[in-house]
Amino acid sequence: MMETIIDRKVQQNGMALGGIGTGSVEINQNGTLTDWHIFNLGNWASADKEKQLKCLYDYEKDVMQFYLRTRQGEDLPKIRKLSHDAGEGEFRSVMYSWHKEVKEIHYDASFPVSKLEYVDDSLPVKIHSEFSSPFVPLDSRLSGTPGFFVSFFVENITNRDVEVSLLSKLKNPVNRGLINRRLRNVLKKSDDRITLLMKSDSLESHPQNGSICFSVSGEKTRTSFIKSDFSRFFANYVLHSNFGTTEESYLFDFRNKGVLPDLGVEKLPEYILNLSDKELELFSDLQVDEVMDQLLEIASVRHPYQRILEIDKDLFSQRKGKIEFIRLILNNMKEMLMDEEGKEAWGDAALCSDFTLGPGERKKVQFIVSWYFPYHWSDAGRFVGHMYTNWFKDALDVNDFMHSYSQEILSKVRLFSYVLGHSDTDASFINSWTLQLNTLIKCSWWSKQGDFALWEGYGSCGFHTMDITYQGSFGIVALFPDLQLRQMEMGAKFQQEDGRVHHFFTPDFQSVDDGFDRVDMNPQFVLLICRDYLWTGDIRYLKKMWSYVVKAMESMEKLDSNNDGLPDKETKKNTYDAWSFRGTASYISSLWLAALLAALRMADDLGEHQLKLKWQALLKNGKESFKTKMWNSEYFSLWVDDGLRDECCMTDQIDGQWYAQLLGLGNFIHEQFIQDALKAVVRYNYHLETGLINATYPEYAKPTIYTYRNVQAESNWSGIEFAFSSALLENGMVEEAKEIVGNVDKRYFNAGRIFNHEECGNHYYRAMSSWSLLLSVTGFKLDAPRHTIKFLPPVENITGPWFLPSGFGYFQKHANTFEMVCKYGQVSFSKLVLKIKNDIRRVLVNDKMVKFKVIEELDGLVIIFNKNIVLEQEMALKIQNQ
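Residues numbered from 1 in each chain as written. Predicted model: local features only at pLDDT ≥ 70, side-chain atom pairs only at ≥ 80, totals over all residues. Heavy atoms only, no water.

### What to know about the pattern of salt bridges
Consideration 1: Applying the stated criterion across every chain yields a total of 49 salt bridges.
Consideration 2: Arg327 serves as the salt-bridge partner of Glu281, at 2.2 Å between the closest nitrogen and oxygen. Pair noted here: Glu281 is in helix H5 (residues 277–282) and Arg327 is in helix H8 (residues 319–337), with a separation of 46 residues, a long-range link.
Consideration 3: What makes Glu281 partly exposed here is its relative accessible area of 41%.
Consideration 4: The partly exposed category is assigned to Arg327, whose relative accessible area is 27%.
Consideration 5: A cluster of three or more residues bridged by salt bridges with shared partners is formed by Arg601, Asp604, Asp605, Lys612, Asp783 and Arg786. (Salt bridge = Lys/Arg side-chain N within 4 Å of Asp/Glu carboxyl O. Helix = DSSP H or I, 4+ residues; strand = E, 2+ residues; numbered from the N terminus. Buried < 20%, exposed > 50% of the residue type's maximum accessible area, 1.4 Å probe, protein only.)

### Some details on the sheet that holds strand S6 (residues 99–101)
Note: strands within a sheet are paired through backbone hydrogen bonds, in either parallel or antiparallel orientation.
Consideration 1: With mixed pairing, the six strands of this open sheet are ordered in space as S6-S5-S4-S11-S18-S15. With one partner strand each, in any of the chains shown, S6 and strand S15 (222–230) form the two edges of the open sheet. Put simply, the sheet's adjacent strands are angled 25° from each other on average, direction ignored.
Consideration 2: Alignment of strand S5 (residues 78–81) against S6, held across three bridges, turns out to be parallel. What sits directly across from Lys81, in S6, is Glu101. (Pairing = 2+ DSSP bridges. Axes fitted to C-alpha atoms, helices over the stretch in contact; angles between N-to-C directions.)

### Some details on the side chain of Gln65
Consideration 1: Within the secondary structure layout, Gln65 lies in strand S4 (residues 64–71).
Consideration 2: Looking at Gln65, its side chain comes within polar contact range of the side chain of Asp62, at 3.2 Å.
Consideration 3: Ignoring any residue separated from it by four or fewer positions in sequence, one finds Gln65 in contact with Lys81, Ser83, Glu90, Leu167, Ser168 and Lys169. (Polar contact = N/O pair within 3.5 Å; in protein donor to acceptor, adjacent residues only side chain to side chain. Contact = heavy atoms within 4.5 Å.)

### Some remarks on the nonpolar core
Consideration 1: Within the largest apolar cluster, 282 residues are counted, with the highest numbers of intra-cluster contacts made by Trp36, Phe525, Trp615, Trp771, Leu832 and Leu877.
Consideration 2: The element best represented in this core is helix H18 (residues 586–606), accounting for 14 residues.
Consideration 3: In this view, Phe525 contacts Met466, Met488, Ala492, Val501, Met545, Tyr548, Val549 and Ala552; residues no more than four positions away in its chain are not counted.
Consideration 4: If you look at the next biggest cluster of nonpolar residues, it comprises 12 residues, including Trp445, Trp455, Phe463 and Phe509. (Core = buried A, V, L, I, M, F, W, Y, C linked by side-chain atoms within 4.5 Å.)

### Here we look at the pairing of S5
Consideration 1: Of the strand pairs in this sheet, S4 and S5 are connected by four bridges, and their pairing is antiparallel. Pairing of Thr70 across the sheet is with Lys78, part of S5.
Consideration 2: Counting the residues that bridge the hairpin from S4 to S5 gives six residues, and of these Gly73 lies at a positive phi of roughly 55°.

### Details of the sheet that holds strand S21 (residues 452–457)
Consideration 1: Reading across from one edge, S20-S21-S22 is the order of the three strands in this open sheet, with antiparallel pairing throughout. The open sheet is flanked by strand S20 (444–446) and strand S22 (460–463), the only strands paired with a single partner. Ignoring which end each strand starts from, the neighbouring axes of this sheet average 20° apart.
Consideration 2: Note that S21 and S22 share two bridges and pair antiparallel. Residue Trp455 lies in a different strand from S22, and its bridge partner there is Phe463.
Consideration 3: Along the sheet face, helix H15 (residues 481–492) touches S20 and S21 and points at about 80° away from the line of S21.

### Quick word on the packing of helix H20 (residues 655–662) against helix H22 (residues 718–730)
Consideration 1: Relative to each other, H20 and H22 sit at 60°, their axes nearing to 10 Å. Considering the angle they form, H20 stands oblique to H22. At the point where H20 passes H22, the crossing takes the left-handed sense. Here H20 contributes Trp658, Gln661 and Leu662 to the contact with H22, which in turn contributes Ala723, Ser726, Ala727 and Glu730.
Consideration 2: When the residues that make up the contact of H20 with H22 are grouped by side-chain class, the tally is four nonpolar, two polar and one charged. (Parallel < 35°, antiparallel > 145°, perpendicular 65-115°, else oblique. Left-handed = near helix turned anticlockwise from the far one by under 90°. Nonpolar A, V, L, I, M, F, W, Y, C, P; charged D, E, K, R; others polar.)

### Remarks on helix H16 (residues 521–536)
Consideration 1: Between its terminal C-alpha atoms H16 stretches 22 Å, which fits the 22 Å expected from 16 residues at 1.5 Å a residue.
Consideration 2: Phi turns positive one or two residues past the end of H16, at Gly537, with a value near 70°. (Expected span 1.5 Å × (residues − 1).)

### Quick look at the pairing of strand S2 (residues 24–27)
Consideration 1: Burial along S2 is two-sided: Ser24 and Glu26 facing one way and Val25 and Ile27 facing the other are all buried.
Consideration 2: Bridge count for strand S1 (residues 15–17) against S2 is three bridges, and the pairing is antiparallel. Paired with Leu17 across the two strands is Val25, which belongs to S2.
Consideration 3: Between S1 and the antiparallel strand that follows it, S2, lie six residues; Gly18 among them carries a positive phi value of about 140°.
Consideration 4: Sheet analysis places S2 next to strand S3 (residues 33–37), joined by three bridges and oriented antiparallel. The residue of S3 that forms the bridge with Ile27 is Leu33.
Consideration 5: Between S2 and S3, which pair antiparallel and follow one another directly, the connecting turn spans five residues, one of which, Gly31, has a positive phi of 85°.

### What to know about the side chain of Ser769
Consideration 1: As for its placement among the helices and strands, Ser769 is situated in the loop between helix H23 (734–750) and helix H24 (771–778).
Consideration 2: According to the relative accessible area criterion, Ser769 is buried, its value standing at 0%.
Consideration 3: A distance of 2.7 Å separates the side chain of Ser769 from the backbone oxygen of Gly719, its partner in a polar contact.
Consideration 4: Excluding residues within four positions of it along the chain, Ser769 makes contact with Gln471, Gly472, Gly719, Phe722 and Ala723.

### Overview of the packing of helix H17 (residues 539–557) against helix H19 (residues 609–630)
Consideration 1: In contact at an axis separation of 13 Å, H17 and H19 are set at 35° when each is read in the N-to-C sense. In terms of crossing hand, the pair formed by H17 and H19 is left-handed. Packed against H17, whose contacting residues are Trp546, Val550, Met553, Glu554 and Glu557, the element H19 presents Leu611, Lys614, Trp615 and Leu618 at the interface.
Consideration 2: Residues of the contact of H17 with H19, tallied by class, amount to six nonpolar, no polar and three charged.

### Side note on the packing of aromatic side chains
Aromatic rings considered in pairs are described by the distance between their centres and by the relative angle of their planes.
Consideration 1: Enumeration according to the criterion identifies 66 aromatic pairs in this entry.
Consideration 2: The interplanar angle of 65° and the centroid separation of 6.1 Å between the aromatic rings of Phe474 and Trp658 together place this pair among those described as edge-to-face. On the criterion of sequence distance, the pair formed by Phe474 in helix H14 (residues 474–479) and Trp658 in helix H20 is long-range, its members being 184 residues apart. Accessibility assignment for this pair places Phe474 and Trp658 in one class, buried.
Consideration 3: It is Lys343 that lies over the ring of Tyr57; its NZ or CZ is 5.9 Å from the centre.
Consideration 4: Note that Arg531 overlies the ring of Phe474, its terminal NZ or CZ placed 4.9 Å from the centroid. (Phe/Tyr/Trp six-rings, centres within 6.5 Å; stacked < 30°, edge-to-face > 60°. Lys NZ or Arg CZ within 6 Å of the ring centre and 35° of its normal.)

Such coordinate-based values are descriptive only and should not be taken to indicate function.
Below is the structure:
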């Protein structure tokens, strides 16, 4: 009886591979590498719908393949393609049943590493791979490297020796689709490593002109190659001739011998290709031999030649046989030179590593892919370039760097990946804060002059959209603070004279759109500056940005027409750009009150006494007005405009309070009101079938025309769902947060979009607000200027990661004990605030006692150390009660 076939939704996107701002490639659950968006074309490069269609010609599938060959003794070799073709594939596998795909692929994406286990019980080996980006927190230079690693681990699971070969083929992208590509493939070989650089002799500044390089290496392995050949030879085709009819492909020799033939020429042999029959007839015997020798340097020529030679050794000893063969080959080469669309189809290449494994023996083979495409132009025709061109001269230079430091880089990458998921909290939280970091590679630009920003959506809207950076950049400031500060400084330069800040950059970093009327952006800008200051402790940054902060605050203050401390003018436009508010809106007002808290903190640190007094008065007035004007006994009304009210229950109604709590700035709303408002949102806006939507009307509320069935009110924005769940955690509502985030996690998994959350475009930046879940579930708060770290989780017992701009590690907290371990970089502080019992007996740093005193505050237990505590890599702080 036939086995039942179970169909499940396939993930539409894989994990992004590459560096920050370099473009990326995706590794998918079926083992294929797709979406090669590294050539300054398509969605990554442009928001113009027509230009987005102009991707690299014929580079959507069958770009890079991996094959495994095994053989034991005199048994027939086994060939397995280490991926599952979505379509027919390049090779006609049904015609040749020895060509098989591996039975199963188990895909575990734990950013920035994807692990693929290839399951096939007919093989004498176990094999798995790790596809890794050079993503190392606190090292933007390294993390901006244009390339990725593919590490294969092979183990002999039998009691006999196994011959093992691993092969990779790469389709040549350089100047693809252009006339006169002028390709040159350069090979570099050492004892255990072989490198193939694909480049062009052309100096034209086309987006796809540059170089790509791939290499393979392994300790005590042998390497082989095909330097260059026609694309059809890396698939298969039928060769008809007087010498017989044969199927041709590089895979036939690979199957038989387990190696590649070490053939190929640097450049397309145009001189030979252009030979006519007449010229060939006039050649001397010596000239015929020279042509023959040159042709036999090409693998697709050597294969049919070798077949004939095996049958008739004398055929090529005569001039007639040689000329007939040369004519056959030249005709075949001319047919293969151009594809069906008339585009040049030469220059593809392949690399192989082979070795023998004894029983139980294990070996690692590493492929590295790198690229260098410097000609990045914006839609305005302005040169943007790439930051990586300041560090490397071509793709070979990148590959050599990645190989030389591969052990160091990969150990850091794996450490980060491990720490990122080192928690006993709900799996949906971990999935969310891990998977959405993918957007940082997928959607980033980093220009040659050092400007950095993320697309709002992939090829959608613009870059560094203020109201999206507001929620999406928590992970950026924690992991790459230099990049976060850079994009904030870039945006500040476009602040208008009246104090209004920019909306987004478009089509590059030299201009912005006309979205200054969005009233939520000014307070968000102030909150971002405060957050980045608190996290970095960079007083120079704060001083540099201070004038922009003051202007932004003054601009918002002018929107209060009745002196109640809340904005009530021009509140229509905001991040909900298809949903108009009016009068005093709770969402806008909460942001303003949070911005006042942030501005007060910054003014205090800068000694701006007069501004501090002014903002204190505004905050006092605004807090009271927010409660009396906006509270409807159950939650805060959507908006109030004179005698009119909109009683829609908005998920984001106290968004500013959430942000203030995350930053450790305190509350401007009474705790009971916060709890009641959050519960109302869960009650009215969340359902298992709908997830958390942005707003809804309770049955008793009368809708307004502005909000009733509004497209944005009724939809899910995962970035808002994550932010709201973070707010729940900040206020101790753990089970509700688990329910909502679990719903998001399952919804996107079942939709096949774990890496691609959608809002106003794909791979949406706002969904990176998932990092706030990490902050809230661990209760982590950083006040670098005051040398204070807080761990105030909403649960009594937890293990979790921590990240800050100087280091990262993990902690364990129980009712009366605490341990903090630094795994990378360092962390320093003089004050630690915890929620543990006040019966501390001793504090140890690397098992040495340190002096401290304890103060009980509302937040928790404040532990003040006599000397600044510095934890470096692998150092630990322990708090014990015995």
